[in-house]
Amino acid sequence: DSGVTQTPKHLITATGQRVTLRCSPRSGDLSVYWYQQSLDQGLQFLIQYYNGEERAKGNILERFSAQQFPDLHSELNLSSLELGDSALYFCASSVAWGMTDTQYFGPGTRLTVL
Amino acid sequence: QQPVQSPQAVILREGEDAVINCSSSKALYSVHWYRQKHGEAPVFLMILLKGGEQKGHEKISASFNEKKQQSSLYLTASQLSYSGTYFCGTDAGGTSYGKLTFGQGTILTVHP
């Protein structure tokens, strides 16, 4: 158990809908990262927040947005969902924001878009 | 750009050794290695930094050749628990600082 929690574990929804994925980092970690893992794209970095501020952005679609709240939990919002958005979404956390820090991954949220 | 891992898959018997390679076309600031078992989250194994610093598990060793932009993960005396998919994640620093780009993964299977 990495100490990172993600809810829900599974999510099944329809095309065009909007969903919110939630992540709580390990105690003491200030950085949160979001990743998408699918069979065809592999593990892809989406976005990073540090202490409430966006720090780095990857290949995140405009339909997706994220934020980190004052209590450091983070939410990833996915809207106008398409079939291709079906994937495993991981959240990871680290103490600081540098790339020398170990990222600890949560158990993931499996999103299925029908 | 995505780093390239080789081999794509390895099959071993318990006790055998394996080497997994990760190669990038960009100059790298750091390389991160993770292992993921099916349906589970990636688990941190090691970070290798430009300049030679390493952080990771005692039983895992790895190398980072900055000039060749390559890293290798060495798995010795493999155990059944080593089975899984190994990913390298690279950070090129500069404007890419903070973004890990992962390779396609190497599937390792250890048989009794």
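For the structure itself, look to the data block above.
In what follows, the accompanying structure is described.

**Regarding the interface of chain A and chain B**
- On the side of chain B, 19 residues touch chain A, which itself brings 19 residues to the contact.
- Together, the buried faces of chain A and chain B total about 1,700 Å²; carbon and sulfur atoms form 63% of this surface.
- In this assembly, chain A and chain B are joined by 0 salt bridges.
- Counting the contacts that link chain A with chain B gives 2 residue pairs in polar contact (both at pLDDT 80 or more).
- Of all the secondary structure elements, the ones that give two or more residues to the side of chain A that touches chain B are β4 (31–38), β5 (42–50) and β6 (53–57) of chain A.
- By residue class, the composition of the side of chain A that touches chain B is 10 nonpolar, 7 polar and 2 charged.

**Examining the layout of surface pockets**
- Looking at the largest pocket, its volume works out to about 680 Å³.
- Of all elements in the fold, only β4, β9 (87–94) and β11 (109–113) of chain A together with β9 (84–91) and β11 (106–111) of chain B reach the threshold of two or more residues within the lining of the largest pocket.
- Considering each element in turn, the lining of the largest pocket owes the most residues, 4 residues, to β11 of chain B.
- Residue composition of the lining of the largest pocket, grouped by class: 7 nonpolar, 17 polar and 4 charged.
- The space that makes up the second largest pocket amounts to roughly 340 Å³.
- Taken together, 19 residues make up the lining of the second largest pocket; nearest its centre are Asn59 of chain A together with Gln1, Leu100, Thr101 and Phe102 of chain B.
- Elements with a minimum of two residues in the lining of the second largest pocket: β5 of chain A together with β9 and β10 (101–102) of chain B.
- Here the lining of the second largest pocket is built from residues that sort into 6 nonpolar, 10 polar and 3 charged.

Criteria and thresholds
- Residues numbered from 1 in each chain as written.
- Chains lettered and ligands numbered in written order.
- Predicted model: local features only at pLDDT ≥ 70, side-chain atom pairs only at ≥ 80, totals over all residues.
- Heavy atoms only, no water.
- Contact = heavy atoms within 4.5 Å.
- Buried area = accessible area lost by both parts, 1.4 Å probe.
- Salt bridge = Lys/Arg side-chain N within 4 Å of Asp/Glu carboxyl O.
- Polar contact = N/O pair within 3.5 Å; in protein donor to acceptor, adjacent residues only side chain to side chain.
- Helix = DSSP H or I, 4+ residues; strand = E, 2+ residues; numbered from the N terminus.
- Nonpolar A, V, L, I, M, F, W, Y, C, P; charged D, E, K, R; others polar.
- 1 Å grid on protein atoms, 1.4 Å probe; cavity = no way out; pocket = protein on both sides within 12 Å on 5 of 7 lines; lining within 4 Å.
- Points joined across faces, edges and corners; volume = space filled by probe spheres on them.

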